[in-house]
Every structure is written in structure tokens, then in C-alpha cells.
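Now for the letters of each chain:
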Amino acid sequence: MKLVSKPAGGGKNEGNGALNKQPILIVGAGLSGAVIGRALAEAGHEVTILDERPHAAGNCHTERDAETDVMVHVYGPHIFHTDDAGVWEYVNRFTTFKPYMNRVKSTAQGQVFSLPVNLHTINQFFGSTLRPDEARALITGKADKTLTDPQNFEEQALSMIGRELYEAFFKGYTQKQWGCEPTDLPASILKRLPLRFNYDDNYFFHKYQGMPENGYTPMVEAILDHPGITLRLNTRFERADAAGFGHVFYSGPLDGWYDCDLGRLGYRTLDFERFIAEGDYQGCAVMNYPGLDVPFTRITEHKHFSPWESHHGSVLYREFSRACEPGDIPYYPIRLAAEQELLTAYVARAQAESGVTFVGRLGTYRYLDMDVTIREAMTAAEMFLTATASNKPMPAFAVNPT
Ligand code: UDP
């Protein structure tokens, strides 16, 4: 990888005709951009990757805290988990993963509970000593059986766990996190979380789970480390930069490509209130606060994301969610009905373009986990290589976002 600090305009890769490969521009050095860039560079393309930030890895960027030396997930917690053996093998090519299991707690109604909702949570909450079948019977009795086809987040929760658990753990958290009523949100958001009738408190179902030993940024830098890749950090993309490149992969916000001229796709952004403690502040990496009596959603204690390290000091983030305004970092696509309509309009427009493919969480306006992002990036690169080999156009999306 050549690291270039100053922008130099498009077309610098002209003259790669010996390989009969087009120079490629990739906007964004996050997971999507790095994985696509690597695949295309390995296939012989000259790849230029721009990122407006001073670092690679996008929102999974990690860096050591200057005060405590703790590895910090600068844009919030990222835990790698997947069932996709190919993706797991891919990331392990570029870094060493340490065992890490995400175990989240929730401070609700004056007590600390185990998450995701499991037998411990149920017994804690109802002050009981139920065995699995008894707990299942209790929750089945509480679940709203009239909701056979849940249409939104609230209906999904009520049909799964009933009103008491929903109101204790999900309602307030979701109102704070998404800034709207859970009845306005898709059921799919809750489907991310399991409900268990045993004491398994692993937050994820997936077969493979871990944390890169030295953080995510060195992993992404290793993916980018190929002689065919030129990385330009601190470089904001302008549409004119695309001139001279055979194809552009754009992992920035889809509406941003069009200067938001049809309107802005809604996102939630996060504010992190950093604070320092000595020793161990909360005893776990993630403590959720679902109550509306506190304005933040959770506190993350970053040293617990690297349990194999030892530090005297501790650095923590209180996480606040709010509407994303121009200039803020977009985190979570909201995808309410109004956004769906706007998204459809942008997607139709994008599909009429040639020479650009929109990728990743922002490019496709979807709430993507890291493993899915990587898999989709691998797919996009394969599609591009197949299309160019047969002189066919590469579509605007490898995965339809609507
Ligand atoms: N959620 C909740 N209470 C919790 C944890 C999650 O209500 O204690 C809901 C909330 O709407 C959240 C969604 O479940 O946005 C998905 O949670 P997850 O922990 O996967 O969120 P992420 O870590 O991606 O922000």
C-alpha cells in the first residue's frame, strides 16, 4: 500500500494498459472499501482509496487512549461475530483474533440484570427460581398471542416477551436510541436479539466471535497493505475526483452522492461522553440503561473489550443517541416509512448510473454488522471482476437496498 497524504486528483493510474485493467477509485477506507480494494488489487487493478478521516477502518477504528493506554473503540463498540466461515477465515488472514464473548448487562428499575433476556433475567425479574420449561410457560403466558404477524418493534416485543419485560428493557432504550416510538420501527431491529430459556448470556448466536488482538485499525490496514493500493487519508471525495477512473465504489452515504437534493436520509448519530476511572468502574464492557431517567443508552468500559490486557486506568464512554444533522457522523440508518420512500427514489436514480457502485452501511443505507459488510464487499468485488471479464456493466448495487 502506498500511503499518500495529499490529494492528487483522479486519473493518476492511467497507463496501466499493460494489464488491461481499469484504474479503480474507492471512496471510504472502512471495511467495504478495504475488502473491495484488496480483491481488485489482487486481481491486478490499480486501486486508489480516499477517506476524509485521518485513519482507515471507518467506524470500527480503534486507537490506544493516550491517558490510560487502553484500546478504545473510538466510534462505539464493535464485536466481531459471524456464522460465515469464509468471512472468519478472511479476517484471520489479516490479524490475530483473541477470544471475546459479548456479555451485556442492563441496569433497570434499580437492579442489574443479565442480557439478552435469558433464564437468569427472567428469574431475576420475576423473583423466581424457574427451570427452563417453567420459564418458557411463564413467558408464553405473558406474550401477546393475538400478534401473530408482528408489524413493528413493539408488536414483535409484546409477541415474544410480553409487556413487563418489554417495558423494563426495551421500550425506553429504543425510544432513546431511535428517537421515535417503537411502534414506528421495524420488527427486524428486535429480531437481532435472542430470547433464551437457559443461562447462556452470550449476546450473539454466532459460531465465531472474537476481538482483533491489536484493534480493528491494524486489521484494516493489513487488508489495505497491497502494492496495488494507494490510500489517501484526509481526502474528501469530490465528484470530479472520479474522472479518469474506470469504476467507482462509493461507501459514503447514498444521498450524499447526490448532494441530498431529494432530501436527507435519516440517521441517528452518537455522542460519546468520555470519562476516566481507576481500576474497574463497572465490571463489564457494556452496561445498558433502558430507563428514561438517564439520558444515555449505555456505558462502555473499553478495557473489557481487551480482557487479555491489563491496565490500571480505565476509559469509559457514556453513549447518547440523537438525530444526525449535516456535519455529524451518520451511524444508524432509521428506515421509517418516509425514509423508505426517499431511499427508493435515490436507489432508482443510482440504478440509472453507470460507473459507480454503492456499497456498505452508508452506501446501501442498511444496519449492517461487520461480517455482513465484509461478505457483501467480497460479493461486490467478485461481481465486478466477473462483469469486466465479460465486458458487462457492473450494477449500481451488489445487494438491492430497498
Ligand atoms: N435494545 C433495547 N434494549 C437493550 C438492547 C437493545 O431496547 O438493552 C434494542 C434497541 O432498539 C437496539 C436494538 O435492540 O437498537 C438492537 O440492539 P443491539 O444491542 O444489537 O444494538 P447495537 O449494539 O447495534 O447498537
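If you're wondering where the values come from, they're calculated on a predicted model, not measured in any experiment. (Residues numbered from 1 in each chain as written. Predicted model: local features only at pLDDT ≥ 70, side-chain atom pairs only at ≥ 80, totals over all residues. Heavy atoms only, no water.)

1. Description of unusual backbone geometry
Quick reminder of the rule: Helix numbering and strand numbering both begin at the N terminus, where a helix is a DSSP run of H or I of at least 4 residues and a strand a DSSP run of E of at least 2. Note on classification: 1.4 Å probe, protein chains only; a residue is buried when its accessible area is under 20% of the maximum for its type, exposed when over 50%, partly exposed between these limits.
Look at the link from L115 to P116: it is a cis peptide, with omega at -15°. Inspection of the secondary structure puts P116 in the loop between β9 (111–114) and α3 (119–126). A positive phi angle, close to 70°, is found at D69, a residue other than glycine. For D69, a relative accessible area of 42% puts it in the partly exposed group. Not every positive phi belongs to a glycine, and R335 is a case in point at roughly 60°. By secondary structure assignment, the location of R335 is in the loop between β17 (332–333) and α9 (337–351). Overall, R335 belongs to the buried group, its relative accessible area being 18%.

2. Here we look at the side chain of T364
Here is the rule we go by: Each polar contact in these results corresponds to two N or O atoms within 3.5 Å; when the atoms are within protein, one needs to be able to donate a hydrogen and the other to accept it, and residues that are neighboring in sequence are counted only if both atoms are side-chain atoms. A contact between two residues is defined here by any heavy atoms of the two lying within 4.5 Å.
Assignment of secondary structure puts T364 in the loop between α10 (360–363) and α11 (370–389). For T364, the side chain forms a polar contact with the main-chain oxygen of G360, separated by 2.7 Å. Once residues within four sequence positions are removed from consideration, T364 is found in contact with R335, F358, V359, F397, V399 and P401.

3. Digging into the site of the ligand
This is how the line gets drawn: Here a residue counts as near a molecule or strand whenever at least one of its heavy atoms sits within 4 Å of it. The protein chains shown are the only cover counted for residues, whose accessible areas, like all others here, come from Shrake-Rupley with a 1.4 Å probe. Each residue is assigned to one class: nonpolar for Ala, Val, Leu, Ile, Met, Phe, Trp, Tyr, Cys and Pro, charged for Asp, Glu, Lys and Arg, and polar for all the others, Gly among them.
Surveying the vicinity of the ligand reveals 16 residues, the closest of which are T174, Y203, N288, Y332 and Y367. The contact in question runs from an oxygen atom of the ligand to an N or O atom on the backbone of F170, over 3.2 Å. Take T174: an N or O atom from its side chain is 2.8 Å from an oxygen atom of the ligand. Here the ligand has 520 Å² of accessible area as a free molecule, and 93% of this is covered by the chains. Of the residues in the shell around the ligand, the class split is 11 nonpolar, 3 polar and 2 charged.

4. As for the packing of aromatic side chains
What counts is decided by this rule: Pairing of aromatic rings covers Phe, Tyr and the six-membered ring of Trp, with a centre-to-centre limit of 6.5 Å; geometry is then stacked below 30 degrees between planes, edge-to-face above 60, and tilted otherwise. Charge-over-ring placement is defined geometrically: NZ (Lys) or CZ (Arg) within 6 Å of the ring centre, and within 35 degrees of the ring normal.
A full pass over the atoms with the stated rule returns 28 aromatic pairs. Centroid distance F113 to F169: 5.1 Å. Interplanar angle 85°. Geometry classified as edge-to-face. Placement of F113 in strand β9 and of F169 in helix α5 (residues 153–178) is noted, with a sequence separation of 56 residues between them. Seen from their ring centres, F275 and Y281 are 5.1 Å apart, and the 75° between their planes marks the pair as edge-to-face. F275 gets classed as buried once you look at its relative accessible area, which sits at 14%. Linked through ring pairs, F237, Y250, W257, F358 and F397 together constitute an aromatic cluster. The lysine or arginine in question, R53, covers the ring of Y75, its NZ or CZ lying 4.1 Å from the ring centre.

5. Remarks on the sheet that holds strand β15 (residues 298–301)
What counts, and what does not: Two strands make a pair as long as DSSP finds a minimum of two bridges between them.
Here we have 7 strands laid out as an open sheet, ordered β9-β8-β14-β15-β16-β13-β17, and mixed in their pairing. A single partner strand is all that each edge strand has here, and the edge strands are β9 and β17.

6. Section: the nonpolar core
Rules: To define a nonpolar core, start from buried Ala, Val, Leu, Ile, Met, Phe, Trp, Tyr and Cys residues and group those joined through side-chain atoms within 4.5 Å.
Formed by 83 residues in total, the largest nonpolar core has its most connected members in F80, F169, L224, F249 and I374. At 10 residues, α5 tops the list of elements feeding residues into this core. For F80, the residues in contact, after removing those within four places along its chain, are V87, W88, V91, F97, Y208, Q209, G210, Y216, M370, D371 and I374. Residues V27, L265, V356 and F358 belong to the second largest nonpolar core, which totals 26 residues.

7. A look at the pattern of salt bridges
The test is simple: Any carboxyl oxygen of Asp or Glu that lies within 4 Å of a side-chain nitrogen of Lys or Arg is treated as forming a salt bridge with it.
The final tally for this structure, using the stated rule, is 19 salt bridges. Note that D201 is salt-bridged to K105, the shortest N-O span being 3.6 Å. Here D201, found in the loop between α6 (188–191) and β10 (208–212), pairs with K105, found in strand β8 (residues 104–108); they are 96 residues apart in sequence, far enough to count as distant. Under the relative-accessibility criterion, D201 is labelled buried at 15%.

8. Looking at the sheet that holds β10
To keep it simple, the criterion reads: Inter-axis angles, ranging from 0 to 180 degrees, are taken between N-to-C directions of lines fitted to C-alpha atoms, where helices are fitted over the stretch in contact.
Spatial ordering of the open sheet is given by β6-β10-β7, a layout of 3 strands whose pairing is antiparallel. Only two strands of the sheet have a single partner each, and these edge strands are β6 (80–82) and β7 (97–99). Between one strand axis and the next, the sheet turns by 40° as a mean value, whatever way the strands run. Two strands pair when backbone bridges link them, and β6 and β10 are joined in this way by 3 bridges, in the antiparallel orientation. Looking across to β10, one finds that F80 is bridged to G210.

9. Describing the pairing of strand β2 (residues 24–27)
Put simply, the test is: The crossover handedness rule: strands pointing away from the viewer, path from first strand over the helix to second strand clockwise, crossover right-handed.
Here β2 shows no split at all, with I24 and I26 on one side and L25 and V27 on the other all buried. Across 4 bridges, the pairing between β2 and strand β3 (residues 47–50) is parallel. Counterpart to I24 in the pairing with β3 is V47. Handedness of the crossover joining β2 and β3 through helix α1 (residues 31–42): right-handed.

10. Considering the environment of W308
For W308, the location among the structural elements is in the loop between β15 and β16 (313–323). Exposure remark for W308: the relative accessible area of 27% places this residue in the partly exposed category. C-alpha of W308 to C-alpha of E213: the two residues are 95 residues apart in sequence and 8.7 Å apart in space. Filtering out sequence-adjacent residues up to four positions away, W308 remains in contact with K98, P99, M211, P212 and E213.

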